[in-house]
Amino acid sequence: MSLEARLKKEIQATGPLTVADYMAQALYDPVDGYYATKVPIGSNADYITAPEMTQVFGEIIALWMINTWQKAGAPNPFHLVEMGPGRGTMMADIVRTLQKLNIPLPSIHLVEVSPLLKTIQQEKLKGLPITWHKDIATLPQQEGYCLMIANEFWDALPIQQHVKVDKNWVERKIELDGDSLVFSPRGEAIKETCLNMPSLVTQISQHLKANGGAALFIDYGYDHTNAIGDTLQSLQNHRKQTPLMNPGSADLTHHVDFHRLSSLFQENGLTAQGPFPQGQFLTEHGINERTEQLCQKATPEQKGSLRTAAVRLTHPAHMGNLFKVLSVST
Ligand code: SAH
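Quantities reported herein were computed from a predicted structural model and do not represent experimental measurements.

Focus: the overall build of the protein chain
And then number 1: Helix and strand counts for the protein chain come out as 12 helices and 17 strands.
And then number 2: The C-alpha atoms of the protein chain give 20 Å as radius of gyration, which agrees with the globular expectation for 330 residues (20 Å, within 12%).
And then number 3: Projected onto the principal axes, the alpha-carbon positions of the protein chain cover approximately 60 × 50 × 35 Å.
And then number 4: A separation of at least 24 residues holds for 75% of the contacts in the protein chain among residues at least 6 apart in sequence.
And then number 5: Only carbon and sulfur atoms are counted for the fraction: they give 50% of the accessible area of the protein chain, which is about 15,000 Å².
And then number 6: For the protein chain, the distance from the average site of its 28 positive side-chain charges to the average site of its 33 negative ones is 4 Å.

Points about the sheet that holds strand 13 (residues 239–241)
Whenever strands of a sheet pair, they do so through backbone hydrogen bonds, lying parallel or antiparallel.
And then number 1: With respect to topology, three strands assemble into an open sheet ordered 13-12-14, the strand pairing being antiparallel. Whereas interior strands pair on both sides, the edge strands pair on one side only; in this sheet they are strand 13 and strand 14 (251–253). Mean inter-strand twist for the sheet, computed between neighbouring axes without regard to direction, equals 35°.
And then number 2: Pairing analysis gives three bridges linking strand 12 (residues 233–236) to strand 13, with the strands arranged antiparallel. From the neighbouring strand, Ser-234 faces strand 13, where its bridge partner is Gln-241.

A few points about the pattern of salt bridges
And then number 1: A full pass over the atoms with the stated rule returns 11 salt bridges.
And then number 2: The residue Lys-8 makes a salt bridge to Glu-4 at a minimum N-O spacing of 3.2 Å. Placement of both Lys-8 and Glu-4 in helix 1 (residues 3–14) is noted, with a separation of four residues, approximately one turn of the helix.
And then number 3: We classify Lys-8 as buried; its relative accessible area is 13%.
And then number 4: A salt bridge links Glu-292 to Arg-307; its shortest N-O distance comes to 2.7 Å. Here the residue Glu-292 occupies a position in helix 11 (residues 287–295), and Arg-307 occupies one in helix 12 (residues 300–314), the gap between them amounting to 15 residues.
And then number 5: One salt-bridge network, in which partners are shared between bridges, spans Glu-59, Asp-93, Arg-96 and Arg-290.

Thresholds applied
- Counting restarts for each chain: residues are numbered from 1 in the order of the written sequence.
- In view of the model being predicted, local features appear only for residues whose pLDDT reaches at least 70, and side-chain atom pairs are presented and counted only at 80 or more, with totals across whole chains, interfaces and linings using the full set of residues.
- With hydrogens and water set aside, each side-chain value is computed from the structure's full complement of heavy atoms.
- Secondary structure counts use DSSP, requiring at least four H or I residues in a row for a helix and at least two E residues in a row for a strand, with both numbered from the N terminus.
- With C-alpha atoms as the basis for the radius of gyration, the globule rule is written as 2.2 Å multiplied by the number of residues raised to the power 0.38.
- Two residues qualify as a contact provided that any one of their heavy atoms is within 4.5 Å of a heavy atom in the partner residue.
- Residue-level accessible areas treat just the shown protein chains as cover; the underlying method is Shrake-Rupley with a 1.4 Å probe.
- In this count, Lys and Arg are taken as positive residues and Asp and Glu as negative ones, while His and the chain termini are left out.
- The atom standing in for a charge is NZ when the residue is Lys, CZ when it is Arg, CG when it is Asp and CD when it is Glu.
- In this scheme, strands are said to pair when DSSP sees at least two bridges between them.
- To obtain each axis, a line is fitted to C-alpha atoms, and for helices this fit is confined to the stretch in contact; angles are then taken between N-to-C directions over 0 to 180 degrees.
- What counts as a salt bridge is simple: a side-chain nitrogen of Lys or Arg found within 4 Å of a carboxyl oxygen of Asp or Glu.
- The cut-offs for exposure are 20% and 50% of the maximum accessible area for each residue type, with area from a 1.4 Å probe on protein chains only; residues under the lower value are buried, those over the upper are exposed, and the others partly exposed.

The quantities given are spatial measurements derived from coordinates; they are silent on function.
Written out as structure tokens, the structure is:
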């Protein structure tokens, strides 16, 4: 039975599903969920991410790591953690950059739920000192200073939605209309809450505080309080579609509430910087200079793709403003 058929049966038997339940099952069902069955990222897949557009993205993240580590006094031992490493491309670019700059290669820990992506990461990062984790709970206790990164990780976590109906906020659910999945009730406005955010922030903060460390989070999202709006979106084959279509075989994401993310880290005793617009962060860290440097030795086709990527990542009308960069440190 398909996941969609199972969800419909569940609604018939026990009533409407919350948006968070729907997302959790569509993304994380161990047999039929999106992360169990599909490789999401790539030009032939559902969407493309910054590290897949240009090597300069990962190189800049590596520079952030090196600066942060050196400012902390170059503590040793140290380790790297990446949450949701996708195809492993960013980590490959980071490792190459560290090696080029003669930084001793630390142990690397990748937190990944998808068995399919883990296989791709193992292939791409063969021979490196990597440990994989399904969950942040198993990160090492004794490996010293931590540098953590995550690109497009938080947007994949389930959110709860509330909808305003006649002055009252009620939880938005998914029910059946005939044989179709529909949102209910309809209302004037929508508020969103990522339910896993507080506990994950606490776990990350505890890991960083145990030995010192810093983390950099890049994602699409907003930075104001009391935000209103429905940001739940579904992408399949690079096209947007209704989030209720093809559960389990379409990507589902939401815009990250950076104001809350930053506040939660501060409540856990960390210092937060940002969020900054991605365009500003990348420009200040030299994306254009590095792109031009690479262009000097590139074919005309490579030049085109390097420069197009730099523009897409930094231009306010593309990913420069919507994407934000938040760093936190002990
Ligand atoms: N960082 C990569 C991939 C982004 S897609 C890039 O920029 O290309 C989201 C990634 O997070 C995927 O690797 C996905 O499998 C992983 N992921 C999603 N939810 C997760 C969770 N709860 N725990 C660990 N990894 C998760």
